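Descriptive structure summary
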Amino acid sequence: MYHDLLIPTDGSDASATALDHGMEIASSTGATVHLLHVVDLGTEMSASGLGNIADDLTETLDEDAESALTQAEERADEAGVTSERAVLEGFPDDAIHQYSADNGIDLIVIGESEGSTLSEQLFGSTTEDVLDSVTTSVLVARE
């Protein structure tokens, strides 16, 4: 039923929950798991006017991406699941939608945390934005 699963990961607890669900599905179906980290363009843009801080922030965001994807790959290896990794820069919901469309994704497994920040209350969460923007089936894994 599923050949290609997309699991966006940022290293958070919500992402870990999505990885657990995604790995279970992939190991039972033989699907390939696509691990995606999106370097949030909004975060980079907000720091762009801050001189050297922007360079430091970009380096930190790149390190965060590498760390999140390495941890996710280790989980895939432990589960015996074939995985591919990618880093995109952009707004998370747009990047997830585009990656899904470009790679023939059958199912997106995305985490959603129980708490919500003020920003999420005002602007909506990435999970909600993905649900609104994709035509692919989505499994929302809650902590």
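Remember, it's a predicted structure, so these values are computed and weren't measured experimentally. (Residues numbered from 1 in each chain as written. Predicted model: local features only at pLDDT ≥ 70, side-chain atom pairs only at ≥ 80, totals over all residues. Heavy atoms only, no water.)

Details of the confidence of the model for the protein chain
A residue-level look at the protein chain finds 80% of positions with pLDDT of 70 or above and a mean pLDDT of 85. Least confident of the elements in the protein chain is helix α5 (residues 118-123), whose mean pLDDT is 46; most confident is strand β1 (residues 4-8), at 97. Per-residue pLDDT stays below 50 along residues 118-123; that stretch engages in five contacts with residues further than four places along the chain or on separate chains. (pLDDT = per-residue confidence, 0-100. Helix = DSSP H or I, 4+ residues; strand = E, 2+ residues; numbered from the N terminus. Contact = heavy atoms within 4.5 Å.)

Observations concerning the nonpolar core
As a rule of thumb, nonpolar side chains are buried together in soluble globular proteins. The biggest cluster of nonpolar side chains holds 17 residues, and the ones touching the most others in it are Leu-5, Ile-7, Met-23, Val-33 and Leu-35. Within the residue set of this core, elements represented by two or more residues are β1, α1 (13-29), β2 (32-40), α3 (52-79) and β4 (107-112). Element by element, the count of residues in this core is highest for α1, at five residues. Sequence-distant contacts of Leu-35, that is, excluding residues within four places in its chain, are made with Ile-7, Leu-19, Met-23, Leu-69, Ala-72, Glu-73, Ser-83, Glu-84, Arg-85 and Ala-86. (Core = buried A, V, L, I, M, F, W, Y, C linked by side-chain atoms within 4.5 Å. Buried < 20%, exposed > 50% of the residue type's maximum accessible area, 1.4 Å probe, protein only.)

Describing the pairing of β1
Across the five residues that make up β1, a large majority, five, are buried. Going residue by residue along β1, you find Asp-4, Leu-6 and Pro-8 tucked away on one face and Leu-5 and Ile-7 tucked away on the opposite face as well. Strand direction decides the pairing type here: β1 and β2, joined by five bridges, are parallel. Note on β2: the bridge partner recorded for Asp-4 is Thr-32. Of the crossover connections in this fold, the one passing from β1 over α1 to the parallel β2 is right-handed. The pairing of β1 with β4 spans two bridges and is classified as parallel. (Pairing = 2+ DSSP bridges. Right-handed = clockwise from strand over helix to strand, strands pointing away.)

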